[in-house]
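# Observations on the model geometry
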Amino acid sequence: MSATTQDQETQAREAERPSWNRFFERFGSSGPLVGLLVLVVVLSFLSPAFLTVNNMVNVFQQISVLAILALGMTAVIITAGIDLSVGSIVGLSGVVAGWTFVEAGLPMPVAFLAGLAVGALAGFISGLMITVGKLPPFIATLAMLSMARGLALVISDGQPISGYPDWFRNITRYQLFGVLPLSVLLVVVLFLLGAAYLRYRPSGRALYAIGGNEEVARLSGLKVQREKLKVYTAAGALAGLGGLILLSRLDSAQPTAGAGLELDVIAAVVIGGASLAGGRGSVSGTLVGALIIGFLRNGLNLLDVSAFWQQVIIGAVIAIAVMTDTLRRRSKH
Amino acid sequence: MSATTQDQETQAREAERPSWNRFFERFGSSGPLVGLLVLVVVLSFLSPAFLTVNNMVNVFQQISVLAILALGMTAVIITAGIDLSVGSIVGLSGVVAGWTFVEAGLPMPVAFLAGLAVGALAGFISGLMITVGKLPPFIATLAMLSMARGLALVISDGQPISGYPDWFRNITRYQLFGVLPLSVLLVVVLFLLGAAYLRYRPSGRALYAIGGNEEVARLSGLKVQREKLKVYTAAGALAGLGGLILLSRLDSAQPTAGAGLELDVIAAVVIGGASLAGGRGSVSGTLVGALIIGFLRNGLNLLDVSAFWQQVIIGAVIAIAVMTDTLRRRSKH
Amino acid sequence: NDDGNGNDGDAAAGDVTIGLSISTLENPFFVTLRDGAEAVAEDAGIELRVSDARDDAQSQANHVQDFITRSVDVLVVNPVDTAAIVPSIEAANDAGIPVVTVDRGSDGGEIAAHVASDNVLGGRLAGEFLFEQIGDSGEVAQLEGIAGTSAARDRGAGFQEALDAASGIDLVGSQAANFSRDEGLTVAENVLQANSGLAGVFAQNDEMALGAVEAARSAGLLDDLVIVGFDATDDALAAIDSGEMDATVAQLPSDMGGAAIEAAIAIANGDDVDAEQSVEVQLVTADNVGDFLE
Amino acid sequence: MPTPDTVAESAPGHGLVCRDLTKAFPGVRALDGVDLDVRYGNVEVVLGENGAGKSTLMKILSGVQPPDAGSMHLDGEEYRPSSPREAMAAGVAMIHQEMNLVPGLSVAENIFLGRQPTRRGAVDYAEMNRAAATIVRRVGLKVDVTRPVGRLSVAAQQQVEIAKALSLDARILILDEPTAALGAEESERLFEIVDELRSQGVGFVYITHRLREVERVGDRIVVMRDGRRVADWDRADVAVDALVEAMVNRAVDQVFSDPNEPDDDELLRVERLGREGAFTDVSFALRRGEVLGVAGLVGAGRTELARALFGAEPADEGRIVVDGRPARIGSPADAIRAGIVLVPEDRKAAGLVLGMSLQDNIALPSLRGLAERGIVKKSRVRQMMQTLAGQLDIRGRPTQAAGTLSGGNQQKAAIAKWIPQRPRVVIFDEPTRGVDVGAKVAIYTLIEELSREGVGVIVISSELTEVLGLARRVLVLSHGRQTGLLERDEATEERVMALAVSG
Ligand SMILES: Nc1ncnc2c1ncn2[C@@H]1O[C@H](COP(=O)(O)OP(=O)(O)OP(=O)(O)O)[C@@H](O)[C@H]1O
Ligand SMILES: Nc1ncnc2c1ncn2[C@@H]1O[C@H](COP(=O)(O)OP(=O)(O)OP(=O)(O)O)[C@@H](O)[C@H]1O
Ligand SMILES: [Mg+2]
Ligand SMILES: [Mg+2]
């Protein structure tokens, strides 16, 4: 009865809202997008070097690893999980690929697959610890963080592994039409696939249900454990891919690559509107979150802000960005 | 299921159980305690240096900072929160105290209070971001992690600050009756106070309700926001105290002190049986968790396990320790 | 690469145990240092135990304590921090265990021997070479290591000395890239973006310098930009050999590690050792890189 | 009471046959050798006190939990579902007693969760929304199926659950208190659907505490007590009194006594109270010892009014006057200080901390009072618990997690926790939802006692008989507006209904 009335009222109010607002809503959560725009405008005024094609290409390239990891993390966080191990997996996958090529002397494509596989395997093991071992995701992936980093150091003996074919290095350097780096193209493709998966695949939709209320999801007949296992494996595989991109960009496998990256990755996802309590999050929001972090670091570098103050500013901006969004969302209700 | 429930359900069946089992239950959750005992036994066999008075004193002293931080974190996690900034606050508080004494030339007790106050203030600000700013604790304290570390570096200009009176350094060196270091005594006192607070104070009991279901707590008339603010402030103050202990131990204020410590702290609390979903956790369990981490690191050092493998082993042991506990608890139901 | 360091063989006592506490093994420089130490220890047939503090002063204090518990005969310490190590060294002194410091010194306590290379000097050499290469005028940038670490501090201080002595040089950017190649790349890209007229980069370690190489390559500036690193890691030497990097500072970590262990063995055997042993700091450029490549 | 023709009933085509089902939880035997037959085209009504084991039995039938012992056969084949998914595949579906929806997902998605119609592997939203709209209309719910379920009222959510179960095309449908949150009209709509499906050969298990519904829908009636099946009837054979007696093992007198005559002192006065988007312009006075009923259709804003009075979502217009003095009620803590408490309609989300023990839950509002020199006394908590458990007949161990109590006992606990506060005004929002007849009478008695002691009581209920039976005056809301304030003698069912649909 009045539920209907209420309903119609909502719809009526929706119609009154300006269309650009609706556009934002459609794109993701409007809060972070507004934050991103403000940031871009401010930085453009402060530094002439900021809003140049070249710099934009740089930023996109710089965040490509972050963005790829954040894609997997988005799915994990939607299920109310968390993955602290992605930074370590970046290091492990690079080292495994490097070792396979340089030490074992296998061809580069095999090395590449090995890196990807070890990432997926690490994610799979985290998933098993969570689903079968009933560990909280925080602990399971914290353990994996430590184990993957340790293994990367063991395999490489703490030394970078270098010496790859030129074509491999050029993969991340090549720019389509002179402006679009392949790694950026890869990010775009992966994000489109990710968005489509979460929106259109039944198992993508299941993730929201699992994060919203795991018991209900189970009672509705969803294969909760299997979906979770898939999500952590995918997050691991994407982290592995991130490690390979970094390997190509640096032309060297670093056992310590990606250390601490997990916090940036989680921040990007949460700035993008996902909730650590699960059930909420979007791929487009995550992209905005990753861009905010990328632009912020880039801008502070361009402005030559002292390294010490950078940390203070980044902390403050992250807090403010998310706060604006949460408070805005709250005031709407 | 809350720790309380667990505890009490246990009490109901107490009569049927062997008394040593009851002793464990009373001490905390039995799972981690069993894990700790197994660890101690195994390490005693592997290394003759392990089970010596001297080494035990060492381990207790080594974990004192971890334990003090974990005490505050226990309360935070019981309310379903998290505090990633404690490691950074350790650095900030030491630097502030060092600066106050060495640069500002104020007396040591004033410096000490300044360090404690800045820790409490940082925690208070995190608390405000969470309660008033409605930020998820993960994000608020991640921002604080970055800001506090940045400020520590700004204040110290990235340099260690040295030059304290001998008596200050001796505080952490002095051993009561020749075996009991003061810092260990402090840990014991603080843990007893913390346990009493959580168990007997109305506001301590309230934390379990807040973590169990915040809305119900609010509708029961509890001042949820104020309790949370208190908890984060206390966690900050304890981290500040940890920074001062470290200052005395290292006889130097290090702007990078405590980096990454937050993960160890959270691990200790969760190994000790707390749930990151809130509503469950105990001070005694946390102490066991901190001891497991301390003994593990100490034992691996004594056994001369390679640094890289240590990381692998520590990750695995954390996973196994928590898994045993969760699976055991599950099988009881 | 440390075979030339073979010891005199007079320290054959098999029951000598040396504890080596390293600041971090997640930096290739110290891994090489450890390798040098292990090689000498193996030759001498003594037992060497290594711990890794992962750049955390508190962990190092714990590790030293553990070594004391195990009553090692000599303690070799590569401090995370020169000030924060003092209480640990004093504890070792109290336990009657002689201490050798390597790479970084200690601000206090009794040190039986110090095997050092001078980070400040290295920073100055690097700066002077960089300025000379760009014709003593123009814009340069610095990539800083992890804020608050002594290597970052000392190398930065040396570079600053050189900068103060030069007149036409303009330091347009100095940004932290945390000793990592990954961050070195990102920060160098951004610095290059902000300063199109940049002539040279000094990176406080080779990893960051190699990141800068990648950034310069992407920007098409590899031939124009003078890049100077620090540490003389294998990758950096190769990069100098191929003309991608211009110079690095060799501290011969392997020699340092070896020398420290030799000193420790001598102390264990009751022999006299020099209290200060300086391992040379050398600038490696295209001219002399051949001497370092093996 | 096992039926003699077991063998015949296990034959194919007969439905679900359960024998000797047993299930124990720590400290309780929830099921103790229960038999149940569900025949196609039949409605098996299961009655029983709170905690009798009804939900536990249904969870076993629908694959949520395995039994400790016993057997189940579906159409003569052994049936042993290890998950709800398997049960659904076998044609057995269930609407759970507690709301089982994902709040953030749309109505349509909740209905088709895990079974979304797809085209080339992608969810076909147009088709899904169309199908959902059809089913939702069938249960009598008029709502945009693309709205998130969390934004709907409790009643609407319940209807979504029914729609979800219908969409499963199950052969055996288990309904665990499906009408607990529904008004008369919505309930009748459900019965019509049950009739229709029954005639198509669907077998039902129907659990309810509303005995009037038994007549309307039931074919056979089974009564459970303490985990055992204690009686069964064909519908024709049984009178309500006999049912009640079988359930609680004693006679229960369910007539309302005349409400207490209130004093003249005004306890609470509400003037032109409103909150944007919820309700506006509500004015009434509550005297000492008065019971005020609040009636209205589902979604009329009654819950919102209650929450505003309690400060859970403070009003943004109008005044609340307590004892002649204007009170600022900005939070539940303010309300409690002013002596106003609320027993919320959604006890799971708002009434109890499910993971905490029963006694800790009850102690929650009284923690400060239970402390002696700042220290909470265990003995006092235990003593308070004992007193209240006796007073309200709460069945459960003090140390049992609240979430494992049966629904009715949870409701009693949610009420009990306020009693030590000695409140002056108690607001009951749907106080008897999911409560068995015996407990219902206990709650009515409690309300009467409270009013006799001079407490002002506000009762919100979708069961009109309850409001009319308990209240001295009845406030009627419709679409968030006050459409009437009737004295007891003018408050007839017809007048209240007329006012509830007006405006
Ligand atoms: N997970 C559990 N752990 C412990 N005890 C449980 C659990 N689930 C149910 N019980 C107990 O089993 C008994 C039967 O509960 P059940 O929910 O089946 O009752 P019910 O007949 O559905 O009652 P109501 O009418 O109140 O819904 C109760 O005593 C309850 O406390
Ligand atoms: N959490 C919520 N968020 C948004 N809207 C809500 C929420 N809860 C209820 N509403 C809306 O407020 C309106 C009134 O709520 P509600 O149905 O609870 O009122 P009521 O008169 O108490 O009805 P009921 O019989 O269900 O108790 C409904 O239309 C519902 O859609
Ligand atoms: Mg039930
Ligand atoms: Mg209501």
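Everything numeric here is computed off the predicted structure, so don't read it as measured data.

Another aspect to go through is empty space enclosed by the protein. What the rule picks out here adds up to 17 cavities of 30 Å³ or more. What the second largest cavity holds in volume is close to 210 Å³. Lining the second largest cavity we find 20 residues, and of these Leu 219 of chain A together with Met 88, Met 94, Lys 164 and Leu 168 of chain D sit closest to its centre. Those elements that place two or more of their residues in the lining of the second largest cavity are α12 (214-219) of chain A together with α3 (84-89), β6 (92-95) and α6 (154-167) of chain D. Looking at the lining of the second largest cavity, the element that brings in the most residues is β6 of chain D, giving four residues. When grouped by side-chain class, the residues that make up the lining of the second largest cavity number 13 nonpolar, four polar and three charged.

In the vicinity of ligand 2 lie 16 residues, with Ser 153, Gly 299, Gly 301, Arg 302 and Thr 303 of chain D positioned nearest. Chain contributions to the surroundings of ligand 2 come from chains A and D. Interatomic distance of 2.5 Å between a side-chain N/O atom of Thr 303 of chain D and an oxygen atom of ligand 2. A distance of 2.9 Å separates an oxygen atom of ligand 2 from a polar atom in the side chain of Glu 345 of chain D. Compared with its free state, where it exposes 610 Å², ligand 2 has 78% of that area covered by protein. Secondary structure elements with two or more residues in the shell around ligand 2: α1 (2-16) of chain A together with α10 (302-309) of chain D. The class makeup of the residues in the shell around ligand 2 is five nonpolar, seven polar and four charged. Both domains that meet at the shell around ligand 2, namely domain 1 (14-250) and domain 2 (255-339 + 423-502) of chain D, each give it at least three residues.

The next subject is the relation of the copies chain A and chain B. Note on the identical chains: chain A maps onto chain B by a rotation of 180° and an axial translation of 0.0 Å, with an RMSD of 0.1 Å. Taken together, the rotation angle and the small translation identify this as a two-fold axis. An overlap of 100% is found between the interface residues of chain A and their copies at the interface of chain B, pointing to a shared contact surface.

Here the protein chains form five pairs of chains in contact, of which the pair with the most contacts is chains A and B. Spatially, chain C and chain D are disjoint, and the shortest separation between their C-alpha atoms is 38 Å.

This next bit is on the interface of chain A and chain B. The interface is formed by 41 residues belonging to chain A together with 41 residues belonging to chain B. Carbon and sulfur atoms supply 84% of the area that chain A and chain B bury against each other, a total of about 3,400 Å² over both sides. Seen at the junction of chain A and chain B, the total is two residue pairs in polar contact (both at pLDDT 80 or more). At the level of elements, α8 (137-156), α14 (261-271) and α16 (307-332) of chain A are the ones that each hand at least two residues to the side of chain A that touches chain B. The element that contributes the greatest number of residues to the side of chain A that touches chain B is α16 of chain A, accounting for 14 residues. Tallied by class, the residues present in the side of chain A that touches chain B amount to 30 nonpolar, seven polar and four charged.

The next thing to look at is the coordination of the magnesium ion (ligand 4). All names here are of chain D. The coordination sphere of the magnesium ion (ligand 4), as far as protein atoms go, consists of Thr 303 (OG1) and Glu 345 (OE), spread over 1.8 to 2.5 Å. Of this pair, Thr 303 sits in helix α10 while Glu 345 sits in the loop between β18 (340-343) and α12 (347-351), and the two are 42 residues apart along the sequence. Look at Glu 345 and you get buried, because its relative accessible area is 15%.

This part is about the side chain of Ser 406 of chain D. Residues and elements named next belong to chain D. Topologically, Ser 406 is positioned in the loop between α15 (378-392) and α16 (407-416). Looking at Ser 406, its side chain comes within polar contact range of the main-chain nitrogen of Gly 51, at 3.0 Å. Apart from residues lying up to four places away in sequence, Ser 406 is in contact with Asn 50 and Gly 51.

The interface is formed by 30 residues belonging to chain C together with 33 residues belonging to chain A. At the junction of chain C with chain A, the criterion picks out two salt bridges. A salt bridge links Arg 249 of chain A to Glu 189 of chain C, with the nearest nitrogen and oxygen atoms 2.7 Å apart. It is helix α6 (residues 181-194) of chain C that contributes the most residues to the side of chain C that touches chain A, nine residues altogether. Tallied by class, residues from the side of chain C that touches chain A come to nine nonpolar, eight polar and 13 charged.

All names here are of chain D. Split by domain assignment, chain D resolves into domain 1 (14-250), domain 2 (255-339 + 423-502) and domain 3 (353-421). The C-alpha centroid of domain 3 is placed 31 Å from the C-alpha centroid of domain 1. Every contact between the two is made by six residues of domain 1 and, on the other side, seven residues of domain 3. Across the interface of domain 1 and domain 3, roughly 490 Å² is buried in total on both sides, 34% from carbon and sulfur atoms. Sorting the residues of domain 1 by area buried against domain 3 places Glu 49, Asn 50 and Gly 51 first, and these three jointly supply 57% of that buried surface. Counting every contact that joins domain 1 to domain 3 gives one salt bridge. Residue Arg 395 pairs with Glu 49 through a salt bridge whose shortest N-O separation is 3.3 Å.

Residue and element names in this part refer to chain D. Relative to the elements of secondary structure, Ala 246 occurs in helix α9 (residues 240-248). Judged by its relative accessible area of 13%, Ala 246 falls in the buried class. Counting along the chain gives 199 residues from Ala 246 to Leu 47, while the straight-line C-alpha distance between them is 9.4 Å. With near-sequence residues (within four places) excluded, Ala 246 lies in contact with Val 223, Arg 225, Val 230, Ala 231 and Trp 233.

Further remarks concern the environment of Val 187 of chain A. Residues and elements named next belong to chain A. Along the chain, the position of Val 187 falls in helix α10 (residues 182-200). A relative accessible area of 8% means that Val 187 is categorised as buried. Sequence separation between Val 187 and Leu 66 is 121 residues; the distance between their C-alpha atoms is 9.9 Å.

Residue and element names in this part refer to chain C. As summarised here, the arrangement of the six strands in space is β2-β1-β3-β4-β5-β11, forming an open sheet in which the pairing is parallel. This sheet does not close on itself; its edge strands, each paired only once, are β2 (47-52) and β11 (276-278). The mean inter-strand angle of the sheet, taken between neighbouring strand axes irrespective of direction, is 15°. Sheet topology places strand β3 (residues 74-77) next to strand β4 (residues 99-103); three bridges connect them, and they run parallel. Looking at β4, one finds that Leu 75 is bridged to Val 99.

Residues and elements named next belong to chain C. Between the first and last C-alpha of helix α1 (residues 28-44) there are 24 Å, a value that for 17 residues agrees with the 24 Å anticipated at 1.5 Å per step. The complete set of buried residues in α1 reads Pro 28, Phe 29, Phe 30, Val 31, Leu 33, Arg 34, Gly 36, Ala 37, Val 40, Ala 41 and Ala 44. Two residues or fewer past α1, Gly 45 is found with a positive phi of approximately 70°.

The next subject is the UniProt feature "transmembrane region" (unreviewed entry) in chain A. Residues and elements named next belong to chain A. The UniProt feature table records "transmembrane region" (unreviewed entry) at residues 33-53, 65-90, 110-131, 176-198, 231-250, 256-276 and 308-327. As annotated, residues 65-90 has a helix share of 73% and a strand share of 0%, and its two end C-alpha atoms lie 9 Å apart. From the first C-alpha to the last, residues 231-250 spans 28 Å; its make-up is 100% helix and 0% strand.

To continue, consider the sheet that holds strand β2 (residues 28-39) of chain D. All names here are of chain D. The strand order across the open sheet formed by four strands is β2-β1-β4-β5, and the pairing between neighbours is antiparallel. Each edge of the open sheet carries a strand with a single partner, namely β2 and β5 (77-78). Bridge analysis of strand β4 (residues 69-74) against β5 gives two bridges, and the strand direction is antiparallel. Within β5, the position partnered with His 73 by the bridge is Glu 78.

Across all of its chains, the model carries 71 salt bridges over all chains by this definition. For the salt bridge of Lys 230 of chain A with Glu 227 of chain A, the shortest nitrogen-to-oxygen distance reads 3.3 Å. One end of the pair is Lys 230 of chain A and the other is Glu 227 of chain A, both in helix α13 (residues 224-250) and three residues apart, which spans about a single turn. On the basis of relative accessible area, Lys 230 of chain A is assigned to the partly exposed category, the value being 38%. A salt bridge links Glu 127 of chain D to Arg 130 of chain D, with the nearest nitrogen and oxygen atoms 3.1 Å apart. One end of the pair is Glu 127 of chain D and the other is Arg 130 of chain D, both in helix α5 (residues 125-138) and three residues apart, which spans about a single turn. Taken together, the shared-partner salt bridges connect Glu 215 and Arg 218 of chain B together with Arg 275, Arg 307 and Glu 313 of chain D into one network.

The rules behind these values
- Residues numbered from 1 in each chain as written.
- Chains lettered and ligands numbered in written order.
- Predicted model: local features only at pLDDT ≥ 70, side-chain atom pairs only at ≥ 80, totals over all residues.
- Heavy atoms only, no water.
- 1 Å grid on protein atoms, 1.4 Å probe; cavity = no way out; pocket = protein on both sides within 12 Å on 5 of 7 lines; lining within 4 Å.
- Points joined across faces, edges and corners; volume = space filled by probe spheres on them.
- Helix = DSSP H or I, 4+ residues; strand = E, 2+ residues; numbered from the N terminus.
- Nonpolar A, V, L, I, M, F, W, Y, C, P; charged D, E, K, R; others polar.
- Near = heavy atom within 4 Å.
- Polar contact = N/O pair within 3.5 Å; in protein donor to acceptor, adjacent residues only side chain to side chain.
- Areas by Shrake-Rupley, 256 points an atom, 1.4 Å probe, with all protein chains shown as cover.
- Domains from an automatic or database assignment.
- Least-squares fit on C-alpha atoms with pLDDT ≥ 70 in both.
- Contact = heavy atoms within 4.5 Å.
- Buried area = accessible area lost by both parts, 1.4 Å probe.
- Donors = N, O, S within 2.8 Å, 3.2 Å for Na, K, Ca; no water.
- Buried < 20%, exposed > 50% of the residue type's maximum accessible area, 1.4 Å probe, protein only.
- Salt bridge = Lys/Arg side-chain N within 4 Å of Asp/Glu carboxyl O.
- Pairing = 2+ DSSP bridges.
- Axes fitted to C-alpha atoms, helices over the stretch in contact; angles between N-to-C directions.
- Expected span 1.5 Å × (residues − 1).
- UniProt positions renumbered as here; feature names shortened; annotations may be inferred.

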